Amino acid sequence: MIHWDSASSSLSKGESFEDTIETLAALAPDILIMRHSEYNAPRSVARFMGCPVINGGDSYRAHPTQALLDLLTIQQAKGDVSKLKIAICGDIAHSRVARSNATLLDKLGAELHMVAPEYLMPQDVGYKNATAFTSLNEGIKGCDVVMMLRLQKERMSQGLITSDQSYFKEFGLTHARLKHAKPDAIIMHPGPMNRGVEIDDAVADDPVRSMIRRQVANGVPTRMAVLDWLLEQNKG
Ligand code: ASP
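Keep in mind that this is a model prediction, so the values were computed, not measured. (Residues numbered from 1 in each chain as written. Predicted model: local features only at pLDDT ≥ 70, side-chain atom pairs only at ≥ 80, totals over all residues. Heavy atoms only, no water.)

### So, unusual backbone geometry
Note on backbone geometry: most residues besides glycine have negative phi, and most peptide bonds are trans. The test is simple: Each helix is a run of H or I in the DSSP string that is no shorter than four residues. Each strand is a run of E no shorter than two, and both are numbered from the N terminus. Here's how the labels work: a residue is buried when its accessible area is under 20% of the maximum for its type, exposed when over 50%, partly exposed in between, all with a 1.4 Å probe on protein chains only.
Residue Pro-192 is bonded to the preceding Gly-191 through a cis peptide linkage, with omega at -10 degrees. Among the secondary structure elements, Pro-192 is positioned in the loop between strand 7 (186-188) and helix 8 (201-204). The residue Asn-40 is not glycine, and still its phi comes out positive at about 70 degrees. Relative to the helices and strands, Asn-40 resides in the loop between strand 1 (32-36) and helix 2 (41-46). For Ser-59, which is not glycine, the phi dihedral falls at a positive 40 degrees. Here Ser-59 is to be found in the loop between strand 2 (53-58) and helix 3 (64-78). Since its relative accessible area comes to 4%, Ser-59 is described here as buried.

And the structure:
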């Protein structure tokens with residue numbers, strides 16, 4: 001396995017991105033896993049590589065393996081996704097996790113609630129089974145799954161959020177708010193969490209309802225399965 005980090009690579013010595021990719025392609029890897037801050041970067045790079053490229057998260061666009069491990073977690077806890085009401089809540093505008101989850105869960109027939117304050121809601125929610133809500137209490141009403149998202153401050157323009165405390169007051173998930181969801185609703189978060197900003201400590205650490213650690217654990221078999229499947233497809 002070659003671990004390649006742009007900060008310590010030839011890119012930092014002035015090599016062009018194209019040359020770096022060609023150098024990586026010349027090493028003839030079986031698979032390239034790529035995380036990049038630019039929109040669609042893994043797709044552009046895939047054209048130059050003679051191997052599958054796994055998107056490990058690009059910009060605010062997509063994070064497919066996170067969505068797959070989230071799906072596994074939901075299925076383990078709640079079964080058939082097409083019978084579920086799932087709320088994706090918080091900074092949807094800047095979240096690749098929200099986009100990939102909504103794409104996948106929508107395809108599988110879940111009823112989706114896209115829940116964000118107006119200033120963090122994308123212009124076009126654009127999923128067949130999705131409804132947009134700007135109130136957290138309304139958005140999680142009757143839901144089986146409440147997925148909270150991190151405020152992606154690194155991707156938002158300055159001044160969008162006045163303070164962490166005011167955001168928590170408006171949109172932080174507490175047990176009092178969670179009463180609006182189904183009594184057995186599970187809580188999810190892709191991490192890293194900001195406690196006291198989008199989620200209260202007691203909710204994050206709820207021993208029965210919080211699936212946050214299970215999501216992390218499910219990342220291992222999910223990503224192993226993706227690697228295994230791709231290697232099998234590419235055999236011979
Ligand atoms: N848990 C995710 C990850 O680190 C969150 C993200 O980066 O979007 O891959």
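More follows now that the structure is in view.
### Focus: the pattern of salt bridges
For the record, the criterion: Note on definitions: salt bridges are taken to be side-chain nitrogens of Lys or Arg within 4 Å of carboxyl oxygens of Asp or Glu.
On inspection of all chains with the given rule, the structure shows 10 salt bridges. Lys-182 is the partner of Asp-144 in a salt bridge, and the nearest nitrogen-oxygen pair spans 2.8 Å. With Asp-144 in the loop between helix 5 (136-139) and strand 6 (145-148) and Lys-182 in the loop between helix 7 (175-178) and strand 7, this residue pair connects regions lying 38 residues apart in the sequence. You can call Asp-144 buried: its relative accessible area is 6%. Look at Lys-182 and you get partly exposed, because its relative accessible area is 33%. Linking Asp-201 and Arg-195 is a salt bridge whose minimum nitrogen-to-oxygen distance equals 2.9 Å. Look at Asp-201 and you get partly exposed, because its relative accessible area is 41%. Classification of Arg-195 by relative accessible area gives partly exposed; the value is 36%. Ionic contacts of the salt-bridge type, sharing partners, join the residues Arg-195, Asp-201 and Asp-205 into one network.

### What about the site of the ligand?
Note the following rule: Residues are labelled near a given molecule or strand when at least one of their non-hydrogen atoms is within 4 Å of it. Pairing of N or O atoms within 3.5 Å defines a polar contact, subject to two protein rules: one partner must be a possible hydrogen donor and the other a possible acceptor, and residues neighboring in sequence count only if both atoms are side-chain atoms. Polar here means any residue other than Ala, Val, Leu, Ile, Met, Phe, Trp, Tyr, Cys and Pro, which are nonpolar, and Asp, Glu, Lys and Arg, which are charged; Gly is therefore polar.
Lining the immediate surroundings of the ligand are Arg-35, His-63, Gln-66, Arg-96, Val-97, Pro-190 and Gly-191. Contact distances for the ligand include 2.4 Å between an oxygen atom and a side-chain N or O atom of Arg-35. Taking Pro-190, its main chain carries an N or O atom lying 2.7 Å from a nitrogen atom of the ligand. When the residues that make up the shell around the ligand are grouped by side-chain class, the tally is 2 nonpolar, 3 polar and 2 charged.

### As for the layout of surface pockets
This is how it is decided: Using protein atoms alone on a 1 Å grid, points that fit a 1.4 Å probe yet trap it form a cavity, whereas open point sets bounded by protein on both sides within 12 Å along at least five of seven lines form a pocket; residues with an atom within 4 Å of a point count as lining. Grid points are joined across faces, edges and corners, and a volume is the space filled by probe spheres set on the points.
Of the voids in this model, the largest pocket is the one considered here, and its volume is about 790 Å³. Forming the walls of the largest pocket are 22 residues, and the residues nearest its centre are Ile-2, Trp-4, Leu-32, Ile-33 and Met-34. Those elements that provide at least two residues to the lining of the largest pocket are helix 1 (17-26) and strand 1. Ranked by the residues each element gives to the lining of the largest pocket, the list is headed by strand 1, at 5 residues. Here the lining of the largest pocket is composed, by residue class, of 14 nonpolar, 5 polar and 3 charged.

### Quick word on the side chain of Arg-61
To keep things clear, this is the line we draw: Contacts are assigned to residue pairs with any non-hydrogen atoms lying within 4.5 Å of each other.
Its location among the elements puts Arg-61 in the loop between strand 2 and helix 3. At 3.4 Å, the side chain of Arg-61 and the side chain of Asn-40 are in polar contact. A polar contact is formed between the side chain of Arg-61 and the side chain of Asp-58, at a distance of 2.9 Å. Residues within four places of Arg-61 in sequence aside, it is in contact with Tyr-39, Asn-40, Arg-43, Asn-55, Arg-96 and Arg-99.

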